[in-house]
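Structural features, examined
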Amino acid sequence: MPVPSSAYIGRFAPSPSGPLHFGSLIAAVGSYLQAKSQHGQWLVRMEDIDTPRMVPGADSDILRTLEQFGLHWDGTVLYQSQRLERYQQIFRHLQQQQLIYGCQCSRKQISESGGIYTGRCATLKLTTEPLAWRLKSQGVASQFTDLIFGPQQIPAALAQEDYIIKRRDGLFAYQLVVVVDDIDQGITEVIRGADLLQMTPRQQALCTLLGAVAPQYGHLPLAVIKPGFKLSKQNHAEPVSQWPVSKVMANVLAFLGLSLPTDLQQAPVTQQLDWATAHWQLSIIPRRQEINCTQFA
Ligand code: GLU
């Protein structure tokens, strides 16, 4: 057994908007193996901040499926819905620092002007709700080095976009809460799907703005059903809990670049995970941002 170390803390942060599917299991297994191979802790956080999208019972369903796949987390599961006061405190802090401003632009207006927000409300000092609240980007870098994909360059306009941290409907935005949680949970490394790769520089910058050291980020290839179409709850990906556990785990590991020896293909999942932990390295992961998963799932 690896000696637990306080140095490495990783996490898996599902949104409980449906059961765990092949795509989300890849992020769970990838982040788990990375944490365990570093003798670190692996935390689970329920990203249930976007309440209209949440499905009652999906959180316990996800946790049951993680256990079924031998993915036992450290500590207690953190729920974003329990942390609104903390987010409000950070929001107030940013407001006092005059780093945010109210915005009344609609999604339609923004998409008509090219899809990236260009700061139209930045100087208007709007105060009449309903308003979305945007964080001034203040020169977020457009490069970062990904632990898996190496040096990355993202569009400068996207990096420098003033983005929403509190939505017009009053809910705190993912972009704010993910960073506050990663800081508060002491996350040292984030391993997650490549769909969030372009959001990394702004999240690193917000960490720094809040006085914390940003974690390192590594992105895993995304499971797609055809180019550009992520396997997701929205396109009715089937829940993995209904499939044979060892076969699914062998497929997830193959997707991540680890081919189990023949005698472990059907073995109990704990044996498969022990072998995978011992053989895991980020360098074995295919350097492709999308992989068609119909050959695996
Ligand atoms: N909650 C996000 C998702 O389910 C993941 C966020 C993250 O890992 O930063 O896609």
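Along each chain, residues carry numbers from 1 onward, in the same order as the chain's sequence is written. Local features in a predicted model are, by the rule used here, given only for residues with pLDDT of at least 70; side-chain atom pairs are given and counted only at 80 or more, and totals for whole chains, interfaces and linings are based on all residues. The side-chain values count all of the structure's non-hydrogen atoms but skip hydrogen atoms and water molecules.

This part is about the pattern of salt bridges. We define a salt bridge as a contact between a side-chain nitrogen of Lys or Arg and a carboxyl oxygen of Asp or Glu at a distance within 4 Å. Scanning all chains against the criterion turns up 15 salt bridges. Linking D182 and R11 is a salt bridge whose minimum nitrogen-to-oxygen distance equals 3.0 Å. Of the two residues, D182 sits in helix α6 (residues 174-184) while R11 sits in strand β1 (residues 9-12), which places them 171 residues apart along the sequence. Think of it in three bands: residues with accessible area under 20% of the maximum for their type are buried, residues over 50% are exposed, and the middle band is partly exposed, with areas taken using a 1.4 Å probe on protein chains only. By relative accessible area, which is 5% here, R11 ends up buried. Taken together, the shared-partner salt bridges in this structure form one network comprising R11, R45, E47, R83, R86, D181, D182 and D184. Elements are defined by DSSP. Helices are runs of H or I of four residues or more, strands are runs of E of two residues or more, and each kind is numbered from the N terminus.

So, on to the site of the ligand. Whether a residue is near a molecule or strand depends on its heavy atoms: it is near if one of them lies within 4 Å of it. Neighbouring residues of the ligand: R11, A13, P14, S15, E47, Y174, V178, R192 and L196. Here a nitrogen atom of the ligand and a side-chain polar atom of E47 are 2.6 Å apart. Here an oxygen atom of the ligand sits 2.9 Å away from a polar atom, N or O, in the side chain of R192. Broken down by class, the residue content of the shell around the ligand amounts to 5 nonpolar, 1 polar and 3 charged. Pairs of N or O atoms are called polar contacts if they sit within 3.5 Å, as long as, within protein, a hydrogen donor faces a hydrogen acceptor (for residues adjacent in sequence, only side-chain-to-side-chain pairs). Throughout this entry, Asp, Glu, Lys and Arg are counted as charged residues, while Ala, Val, Leu, Ile, Met, Phe, Trp, Tyr, Cys and Pro are counted as nonpolar. The remaining residues, Gly among them, count as polar.

Pairing of aromatic rings covers Phe, Tyr and Trp, the last through its six-membered ring, and needs centres within 6.5 Å; plane angles under 30 degrees mean stacked, over 60 mean edge-to-face, and all others mean tilted. Following the criterion strictly, the structure yields 6 aromatic pairs and no others. Centroid distance F12 to W42: 6.3 Å. Interplanar angle 10 degrees. Geometry classified as stacked. In this pair, F12 is assigned in strand β1 and W42 in strand β2 (residues 41-46), connecting sequence segments 30 residues apart. The pair formed by F12 and W42 is uniform in burial state, with each residue classed as buried. Note on Y87 and F172: the rings are 5.9 Å apart at their centroids and 65 degrees apart in plane angle, and the pair reads as edge-to-face. Taken together, the residues span a long stretch of sequence, with Y87 in helix α3 (residues 84-96) and F172 in the loop between β8 (163-166) and α6 at a distance of 85 residues. Given the relative accessible area of 0%, Y87 is considered buried. Its relative accessible area of 7% is what places F172 among the buried residues.

For two strands to pair, DSSP has to find at least two bridges joining them. Strands sit in the order β4-β5-β8 across an open sheet of 3 strands; the sheet is antiparallel. Only two strands of the sheet have a single neighbouring strand rather than two, namely β4 (100-103) and β8. Sheet twist, expressed as the mean angle between neighbouring strand axes with direction ignored, is 45 degrees. As defined by bridge partners, β4 adjoins strand β5 (residues 132-135) across 4 bridges and the pair is classed as antiparallel. Pairing of Y101 across the sheet is with R134, part of β5. Across the sheet, α3 touches β4, β5 and β8, and the angle it forms with β8 is around 125 degrees. Axis definition: a line fitted to C-alpha atoms, over the contacting stretch in the case of helices. Angles run 0 to 180 degrees between N-to-C directions. Throughout, a contact is declared for two residues whenever any of their heavy atoms are within 4.5 Å.

Defined by distance alone, a disulfide is two cysteine sulfur atoms within 2.5 Å. Following the criterion strictly, the structure yields 0 disulfides and no others. Just so you know, C105 is unpaired, no disulfide at all, and the nearest cysteine sulfur is the one on C121, 3.6 Å from it.

Working definition of a nonpolar core: buried Ala, Val, Leu, Ile, Met, Phe, Trp, Tyr and Cys residues. They are joined through side-chain atoms within 4.5 Å. Among the nonpolar cores identified, the biggest contains 56 residues, and F22, L25, V29, W42, L66, L71 and F255 are the most heavily contacted of them. Contributions of two or more residues to this core are made by α1 (22-37), β2, α2 (58-68), β11 (222-226), α8 (245-255) and α9 (269-279). Here the element with the most residues in this core is α1; it accounts for 9 residues. If we ignore the near neighbours within four places in the chain, the residues touching F255 are F22, I26, P221, L222, A223, P286, I291, C293 and F296. Counting 27 residues, the second largest nonpolar core, distinct from the first, contains I90, Y101, Y117 and L135.

It is worth spelling out the confidence of the model for the protein at this point. Looking at the protein, pLDDT values average 94 and 97% of them are 70 or higher. Scored between 0 and 100, pLDDT is the confidence that the predictor attaches to each residue. Throughout residues 1-5 the model reports pLDDT below 50, and contacts reaching past four residues in sequence, or to other chains, amount to 7 contacts.

A separate point is the packing of α3 against α6. At their nearest, the axes of α3 and α6 sit 10 Å apart, and the two run at 110 degrees to each other. When the interaxial angle is binned, α3 and α6 end up roughly perpendicular. Here R86, Y87, I90 and L94 of α3 lie close against α6, whose contacting residues are L176, V177, V180, D181 and D184. Taken together, the residues of the contact of α3 with α6 break down into 6 nonpolar, no polar and 3 charged. Throughout, the term roughly parallel applies to angles under 35 degrees, roughly antiparallel to angles over 145, roughly perpendicular to angles from 65 to 115, and oblique to all others.

This paragraph deals with the environment of G115. Looking at the secondary structure, you find G115 in the loop between α4 (107-112) and β5. On the basis of relative accessibility, which here comes to 43%, the residue G115 falls in the partly exposed class. Considered as a pair, G115 and L158 are 43 residues apart in the sequence and their alpha carbons are 9.5 Å apart. Ignoring sequence-local partners within four residues, the contact set of G115 consists of I110 and E161.

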